[in-house]
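# Observations on the three-dimensional arrangement
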Amino acid sequence: MKLGIIGLPNVGKSTLFNAITECTAECANYPFCTIEPNVGSVPVADERLDTLAKMYSTKKVIPSLLEFVDIAGLVKGASKGEGLGNKFLANIREVDAMLHVVRCFDDSNITHIDSTVDPVRDIETINTELILADIESANKRLDKAQKACKGGDKNSALECDVLQELLSGLNSGHFCMEVAKNFDEAKKAILKSFFFITAKPVIYCCNVAEFEKDLHQNSFVSSVAEYAKIKGAETASISAKLEYEIAQLPKQERQSFIAELGLGESGLSRIVKCGYKTLGLISFLTAGEKEVHSWTIKKGTKAPQAAGEIHSDFERGFIRAEVVSYDDLCLYGSIVSCKNNGKYRSEGKDYVVKDGDVMLFRFNV
């Protein structure tokens, strides 16, 4: 999973990036401090891995990884080259989803590019630039597809239809993702091949003050939540500054500090949950004396394709999957006990993998 951190300049993107990735991207109180995108990977915390590691007496634990890309701040006119321009719109095309950081706190010491704090206005400024960038791309593609149609290419006819529908929605202020909700599979496949920015899902991340006590009393957060609900998007409220301070503590002290603050979980954990939900992702597990490993797949993935995440030969020569749920394995304590109680099963090519499945693949190439 690859999340691109976007937003206006000076809303806390790089601070949040540094906090959750423990990297050292430059942060400063002026626009365009970030120029080249910063990239960092973090392991996805999963307590199931530690439990399985103890069960199988292995010290090698390999979690799923979440990659963050800290992209330079966008401004009004970016699609036409203002600020740092189109180069950074191109960086967004390479991610799976956008983490749109929005400033939801007042602080006269931190410059706001529009002088005042208004998160919904800020969101719409960014969204307009993303839409304008996609309109430009869609028009170019439509011109090419129409020429191909005139040349007798039948496959380009459907492409023209899709592009015209998308342009109609984009020109009305809607993301491609919204327009595509009623697309059939053929149209969705065509849209996917375009790599339009607004075809990517968005998570709105409210950057709040360091010790925000009651988010329900924060009118900025409420306005973002209402906006996101209309758009069908997820939201997460995080103090980038506080997360950064937590990240400076020794790892063994972080969880107790989070508990003392009454946060329940880290900001990274909340973002991960939003990301998995937004992208429709789940994790299956492999376990043995050699290692315990978490694998991230799309919800609805069948066993052979899940096996292919481990190695293409596993998918190509798939015979069957031996499966037990994590909960059953914990309940009965061992594979042998699960077998004796009918909880260990053999599944074929049509089996749809479930979150928390502990799997062993049989294959022959």
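Residues numbered from 1 in each chain as written. Predicted model: local features only at pLDDT ≥ 70, side-chain atom pairs only at ≥ 80, totals over all residues. Heavy atoms only, no water.

We now examine the environment of tyrosine 351. Take tyrosine 351: it is sitting in the loop between strand 11 (345-347) and strand 12 (357-363). Given a relative accessible area of 8%, tyrosine 351 falls into the buried group. Between the C-alpha atom of tyrosine 351 and that of proline 304, which follows or precedes it by 47 residues, the distance is 8.5 Å. Not counting residues up to four positions away in its chain, the partners in contact with tyrosine 351 are Thr301, Lys302, Ala303, Val323, Arg345, Asp357 and Met359. (Helix = DSSP H or I, 4+ residues; strand = E, 2+ residues; numbered from the N terminus. Buried < 20%, exposed > 50% of the residue type's maximum accessible area, 1.4 Å probe, protein only. Contact = heavy atoms within 4.5 Å.)

Spatially, the six strands line up as an open sheet ordered 2-4-1-5-6-7, and their pairing is mixed. Bordering the open sheet on either side are strand 2 (38-43) and strand 7 (234-238), each of which pairs with just one other strand. For this sheet the average axis-to-axis angle between neighbouring strands, irrespective of direction, equals 25°. Two elements, strand 2 and strand 4 (residues 65-70), share six bridges in a ladder whose sense is antiparallel. Looking at strand 4, one finds that serine 41 is bridged to glutamate 67. (Pairing = 2+ DSSP bridges. Axes fitted to C-alpha atoms, helices over the stretch in contact; angles between N-to-C directions.)

This next bit is on helix 7 (residues 185-194). Along helix 7, the residues that are buried comprise Lys187, Ile190, Leu191 and Phe194. Relative to the axis of helix 7, the buried residues are bounded by an arc of 100° and lie together on one face. Relative to its buried face, helix 7 has exposed residues pointing more than 90 degrees away, namely Glu185 and Lys192. Between the side-chain oxygen of the N-cap and the backbone nitrogen of alanine 186 there are 3.2 Å, and the N-cap of helix 7 in question is aspartate 184. Directly after helix 7, the chain includes phenylalanine 195, whose backbone phi takes a positive value near 60°. (Arc of directions from axis to C-beta. Polar contact = N/O pair within 3.5 Å; in protein donor to acceptor, adjacent residues only side chain to side chain.)

A separate point is the pairing of strand 1 (residues 2-6). Moving residue by residue along a regular strand, the side chains alternate between the two faces of the sheet. Within strand 1, four of the five residues are buried, leaving the element largely enclosed by the surrounding structure. As paired elements, strand 1 and strand 4 share four bridges and run parallel to each other. Each residue of the ladder has a partner; that of isoleucine 5, found in strand 4, is aspartate 70. Pairing geometry for strand 1 and strand 5 (residues 97-103), over four bridges, is parallel. Of the residues in strand 5, the one forming a bridge with isoleucine 5 is leucine 99.

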